[in-house]
Each structure stands twice: as C-alpha cells, then as structure tokens.
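Listed here are the chains, written in short residue letters.
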Amino acid sequence: MNERDLLRAMFDAAVAAASAEKAVPSNLPPPPKGRTVVVGAGKAAAAMARAVEARWPADKPLTGLVVTRYGHGVGRLERIEVAEAAHPVPDAAGERAAWRILDLVRDLGPDDLALCLISGGGSALLPAPAPGITLEDKQALNRALLRSGATIDEMNCVRKHLSAIKGGRLAVAAAPARIVSLILSDVPGDDPSVVASGPTTPDPTTREEARAVLRRYGLDAPQSLWAFLDDDRSETPKPGDAAFARSETRIIAAPQASLEAAAGVAREAGYRPLILGDAIEGEAREVGKVMAAIARQVVLHDEPAPAPCVLISGGETTVTVSGAGRGGRNVEFLLSMAIALDGLPRVFAIAGDTDGVDGAEEIAGAIVTPDTLERARARGLDARAALADNDGHGFFAALGDPLITGPTLTNVNDFRAALVNPR
C-alpha cells in the first residue's frame with residue numbers, strides 16, 4: 001500500500017469508527033410506557049434516525065422529526081421524518097424544522113420519551129430565533145462568526161443566548177417527559193453543552209460571556225441581537241434547573257475512538273502511531289507549523305519516535321479569514337504545513353473533516369506529499385500567496401490532491417495524520 005492509500009485508509013477507518021450504525025444501537029433506551037418522539041439535528045441526524053428505526057420494536061409507538069444538512073439525508077424513513085436545511089449559514093427550511101421540533105416535544109407527558117439525536121452541525125440546522133430576532137439577523141451573525149476566528153465554544157456561547165431551542169431550551173420544552181440525548185461529539189473535550197449548542201443540556205455560559213465574544217472579535221452584530229442580550233430572557237437554563245431532572249446525555253461517538261481506529265490501520269501497515277491529541281485547537285496555519293516541526297524532528301533526530309511512524313491528531317482549528325479564497329480549515333492547515341516542511345523528504349500528510357465537508361466546500365480536505373511545493377511551482381502556483389488569500393481548496397484542487405468522500409453521515413470533527421517514512 002502506498003502512502004496516499006494508507007493515509008486514505010486511516011481516514012476511512014476514523015470515519016467508520018463514528019458511524020451511526022455502529023454507535024446508536026447499543027445506546028438505545030428501552031421503550032417507555034407512553035409515546036416515543038425522536039427529534040434531532042446535525043450532519044449525522046438522518047443516519048442516526050435510520051439506525052433507531054431499524055432497532056425500535058415494531059409494536060412500540062415511534063414518530064418524530066430530525067433535520068440534517070442538504071445532501072446528508074438517507075431517503076424516506078417509515079416512522080421518522082427527515083428534513084434537510086442549510087449549513088453552515090442557516091436558512092428558512094432549518095427554521096421551520098426547529099419550530100416543528102419544539103411543537104412535537106411540548107405535547108409530551110411524564111410517561112413519554114423524547115429521544116434526541118444530536119451531532120455536529122446541529123447548531124446551524126436549528127435556527128429558532130429568540131423573540132425580536134429575525135432569521136436574517138442570525139444569518140448575518142453566523143457569517144461574521146465563521147470569518148472571525150472564534151472557537152467553536154465561543155460561537156456556540158453566542159448562538160445559545162440568541163435561540164429559542166439551543167442552550168437547554170429544547171429540554172425545557174420537552175419536560176416533564178424523560179429525555180435521552182444520543183450525541184456524536186465534534187467538539188474538543190466532548191462537552192455535550194457545546195455540541196450543536198447543547199439543545200438538551202444545561203448551559204454553564206452566561207449572556208455576559210456572549211456579549212464579550214461579540215466585543216472580542218469586533219463583530220458588527222445587528223442591533224436586535226445586542227438588545228436581546230441585554231434582556232433577562234436571553235439567559236439560558238443552568239445546571240440544577242428542574243427541566244433536566246429526567247434528562248440523560250450519552251456521548252456515543254467521539255474523536256478519540258476515531259483516532260485510535262486510524263492508529264490501528266497504521267500499526268498494521270508497520271508504522272508506529274503517535275496520537276498527539278484529540279482536542280487540538282488554534283489557528284489552522286499555526287497548528288500546521290507545529291505538525292511540520294514535529295515531523296521534521298522525527299526526520300532529523302528520530303524524536304519523539306523513530307521512523308516509520310505516523311503523527312495523528314484531532315480537534316477543530318479555526319481560520320481568521322482575510323482573503324477571498326475558498327478557505328477550509330483542513331486545507332489551510334495542510335497548506336501551512338507544506339510551506340513549513342519546504343519539500344522535506346519522507347513526509348506525507350492528510351487532513352480532512354470527518355463529515356466530508358471542509359468549511360463550505362463539498363471536499364473533505366487534501367493530501368500533502370514531499371513534492372507538493374515542487375509540483376505547485378511547475379504549475380505556476382504560489383503556495384504563500386494562496387495561504388495569504390485563504391485559498392487552500394483552490395491550491396490543492398489545481399494539484400489534483402483534494403480528499404473527496406461525499407457526505408459521510410457522521411461528524412467527529414477533523415482528522416490529521418502525517419506519515420514519516422524510514423531513511
């Protein structure tokens with residue numbers, strides 16, 4: 001198996017380890033005395049709903065609605081409706097689905113079960129604006145946040161305080177029913193209150209922290225958003241709130257398990273896997289420099305392990321957009337890494353989002369080889385100029401090196417690996 005094929009096999013193993021078909025069945029609660037209503041949102045929501053339907057007893061009531069990203073559906077299900085909406089900037093279809101989900105759970109009683117299927121991307125897919133805020137206001141805010149370089153925790157802190165469904169408010173609507181949330185984590189640290197902005201989870205953040213995020217990044221948010229954050233109604237339900245008395249949260253897939261699956265593939269191929277962390281954050285281009293520096297240390301000094309080895313990491317980096325390129329945090333990471341490696345022999349790398357979408361592109365990521373910069377120069381491409389323009393996708397597309405998977409129907413965030421061959 002050559003280096004490209006091995007890197008792709010590792011990525012595929014990481015994705016497979018987080019599949020809904022693998023994660024959902026063993027975590028299903030028993031049917032309740034009353035009704036079961038399935039609700040949820042995220043890039044894995046449709047696949048999770050399909051897994052629930054396949055295992056739920058035929059003689060037990062089961063209805064519901066989940067919303068996923070356009071193109072991430074699984075066809076028509078028999079008992080659970082699947083809606084599709086826009087991501088990462090919300091649209092009217094997502095807003096309609098969010099309000100319908102709230103209506104479905106408000107009718108539940110103490111003998112009923114709200115089974116909530118939550119995965120990455122759910123925040124943008126559940127845009128139920130708080131009072132006095134329009135969908136257009138939320139769209140403008142999302143665009144600004146995505147370009148700001150804010151972390152996922154910071155973005156979701158703001159989103160929770162401007163929503164009628166996030167930050168635990170879905171659980172408030174579903175009480176007094178029993179609530180079981182099955183979560184595929186796509187956030188560093190696997191904090192359930194951050195995944196999809198925690199619709200069923202108590203929120204430890206405050207509206208003052210949300211205002212601080214807007215100020216920190218100098219975001220020109222619509223006045224309606226500032227006005228609502230000055231209103232006591234913007235504060236989210238906190239730990240200890242009675243709404244969570246019968247609420248249970250289960251993380252059923254997370255980045256670490258995916259990294260370990262990829263490490264197993266590398267080990268079988270004769271490479272020593274070194275997992276550097278499953279929650280690495282920071283500017284994508286800076287993380288790329290660090291990964292390059294570690295790979296260089298292996299090549300030059302056989303540290304932190306001798307070759308053949310593979311450096312593996314996960315998490316979610318950020319990109320502060322200043323250029324007009326096609327972006328993507330994984331390709332930005334790789335472009336920066338390639339520049340830092342500067343043709344260093346024996347090093348091959350991959351980075352991609354496990355949902356199959358790096359930013360707004362229908363491309364998961366890309367691959368770097370020792371001759372990436374040489375091939376780029378032969379085509380008249382300037383790697384540093386591409387990085388300055390945030391045009392990683394354009395750069396790697398021109399080289400024929402993008403990682404294309406199509407929708408994977410799961411999401412445990414970014415996967416990064418760098419192979420270092422022996423001398």
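Quantities reported herein were computed from a predicted structural model and do not represent experimental measurements.

Novice: When you look at the overall build of the protein in this model, what are you seeing that I'm missing?
Specialist: The helix and strand inventory of the protein stands at 16 helices and twelve strands. Structurally, the protein occupies a C-alpha span of about 65 × 50 × 35 Å along its principal axes. Per-residue burial for the protein yields a buried fraction of 60% across its 423 residues. Partitioning the intrachain contacts of the protein with sequence separation of at least 6 by distance along the chain shows that 81% fall at a separation of at least 24. Accessible surface, the protein as shown: approximately 15,500 Å² in total, 51% of it carbon and sulfur.

Novice: Even after reading the chapter, I still don't get the nonpolar core, so can you show me in this structure?
Specialist: Burial of nonpolar side chains together is a common tendency in soluble globular proteins. Residues Val67, Ile101, Leu141, Leu162, Ile165 and Leu170 are the most contacted members of the largest nonpolar core, which totals 51 residues. Looking at this core, the element that brings in the most residues is helix α4 (residues 92–106), giving six residues. Sequence-distant contacts of Ile165, defined by excluding residues within four places in its chain, comprise Ala98, Ile101, Leu102, Leu126, Ala128, Leu170 and Pro199. Core analysis: the next-biggest nonpolar cluster, separate from the first, contains 37 residues, Ala307, Val331, Ala366 and Phe396 among them.

Novice: Explain the packing of helix α6 (residues 135–148) against helix α7 (residues 152–160) here, please?
Specialist: Helix packing geometry: the angle between the two helix axes and the distance between the axes. Where α6 contacts α7, the two axes come as close as 11 Å, and the packing angle between them is 165 degrees. Classed by the angle they form, the pair α6 and α7 counts as roughly antiparallel. When you trace α6 past α7, the crossing you get is right-handed. Touching Lys138, Leu141, Asn142, Leu145 and Leu146 of α6 are Met155, Val158 and Arg159, all from α7. Across the contact of α6 with α7, the residue classes break down as five nonpolar, one polar and two charged.

Novice: Explain the environment of Ile165 to me, please; I cannot follow it from the model alone.
Specialist: The topology assignment puts Ile165 in the loop between α7 and α8 (169–174). Along the chain, Ile165 and Gly122 lie 43 residues apart, while their C-alpha atoms are 11 Å from each other.

Novice: Sorry, what's going on with the side chain of Thr201 here?
Specialist: Checked against the element boundaries, Thr201 lands in the loop between β5 (178–184) and α9 (207–216). Residue class for Thr201 comes out buried when judged on its relative accessible area of 8%. The residues touching Thr201, leaving out its near neighbours within four places in the chain, are Gly167, Gly168, Pro192, Ser193, Phe244 and Thr249.

Novice: Looking at this structure, I do not really get the sheet that holds strand β9 (residues 347–353). What am I missing?
Specialist: One key point about sheets: their strands pair by backbone hydrogen bonds, in either a parallel or an antiparallel sense. Pairing in this open sheet of six strands is mixed, and the strands run β7-β8-β12-β9-β10-β11 from one edge to the other. Edge positions in the open sheet fall to β7 (272–280) and β11 (402–403), since each of these has one partner strand only.

Novice: What is the right way to read the pattern of salt bridges from this model?
Specialist: When their charged atoms lie close together, side chains carrying opposite charge are able to pair. The tally for this structure, following the rule as stated, stands at 29 salt bridges. Here Arg50 ties to Glu21 by a salt bridge, and the two come within 2.8 Å at their closest N and O atoms. Pair noted here: Arg50 is in helix α3 (residues 45–55) and Glu21 is in helix α2 (residues 20–23), with a separation of 29 residues, a long-range link. Here Arg285 makes a salt bridge to Glu332, at a shortest N to O gap of 2.9 Å. Of the two residues, Arg285 is situated in helix α12 (residues 284–301) and Glu332 in helix α13 (residues 329–341); the sequence distance between them amounts to 47 residues. Exposure remark for Arg285: the relative accessible area of 22% places this residue in the partly exposed category.

Novice: Would you mind going over the packing of aromatic side chains with me for this structure?
Specialist: The relation between two aromatic rings is expressed through the spacing of the ring centres and the mutual angle of the planes. Inspection of every chain in the model, using the stated rule, returns two aromatic pairs. A centroid spacing of 6.1 Å and a plane angle of 65 degrees characterise the contact between Phe11 and Phe415, whose relative ring orientation is edge-to-face. Of this pair, Phe11 sits in helix α1 (residues 3–17) while Phe415 is found in strand β12 (residues 414–420), placing the two residues 404 residues apart along the sequence. This pair shows no difference in class: Phe11 is buried, exactly as Phe415 is. Aromatic side chains Phe395 and Phe396 sit 5.1 Å apart centroid to centroid with 90 degrees between the ring planes, which places their arrangement in the edge-to-face category. An identical accessibility class is assigned to Phe395 and Phe396; each is buried. The residue whose ring lies beneath Arg416 is Phe333, and the NZ or CZ to ring-centre distance is 5.6 Å.

Novice: Sorry, what's going on with α6 here?
Specialist: Each α-helix winds once per 3.6 residues, and so residues spaced three or four apart point in a common direction. The terminal C-alpha atoms of α6 lie 20 Å apart, and with 14 residues this matches the ideal 20 Å at 1.5 Å per residue to within 8%. Listing the buried residues of α6 in full gives Leu135, Asp137, Lys138, Gln139, Leu141, Asn142, Leu145 and Ser148. The positive-phi residue at the C-terminal boundary of α6 is Gly149, with phi of around 90 degrees.

Novice: What is the right way to look at unusual backbone geometry in this model?
Specialist: Where the residue is not glycine, phi is negative for most of them; where a peptide bond is considered, it is trans in most cases. Along the chain, Ala175 connects to Pro176 via a cis peptide bond; the corresponding omega equals 15 degrees. Here the residue pair Glu303 and Pro304 is connected by a cis peptide bond, since its omega of 5 degrees sits within 30 degrees of zero. Mapped onto the fold, Pro304 is located in the loop between α12 and β8 (309–315). The backbone phi angle of Asn390 is positive, close to 50 degrees, even though this residue is not glycine. By secondary structure assignment, the location of Asn390 is in the loop between α15 (383–388) and α16 (392–399). Judged by its relative accessible area of 1%, Asn390 falls in the buried class. Positive phi, close to 65 degrees, is recorded for Leu409, a residue that is not glycine.

The rules behind the values
- Residues numbered from 1 in each chain as written.
- Predicted model: local features only at pLDDT ≥ 70, side-chain atom pairs only at ≥ 80, totals over all residues.
- Heavy atoms only, no water.
- Helix = DSSP H or I, 4+ residues; strand = E, 2+ residues; numbered from the N terminus.
- Buried < 20%, exposed > 50% of the residue type's maximum accessible area, 1.4 Å probe, protein only.
- Contact = heavy atoms within 4.5 Å.
- Areas by Shrake-Rupley, 256 points an atom, 1.4 Å probe, with all protein chains shown as cover.
- Core = buried A, V, L, I, M, F, W, Y, C linked by side-chain atoms within 4.5 Å.
- Axes fitted to C-alpha atoms, helices over the stretch in contact; angles between N-to-C directions.
- Parallel < 35°, antiparallel > 145°, perpendicular 65-115°, else oblique.
- Left-handed = near helix turned anticlockwise from the far one by under 90°.
- Nonpolar A, V, L, I, M, F, W, Y, C, P; charged D, E, K, R; others polar.
- Pairing = 2+ DSSP bridges.
- Salt bridge = Lys/Arg side-chain N within 4 Å of Asp/Glu carboxyl O.
- Phe/Tyr/Trp six-rings, centres within 6.5 Å; stacked < 30°, edge-to-face > 60°.
- Lys NZ or Arg CZ within 6 Å of the ring centre and 35° of its normal.
- Expected span 1.5 Å × (residues − 1).

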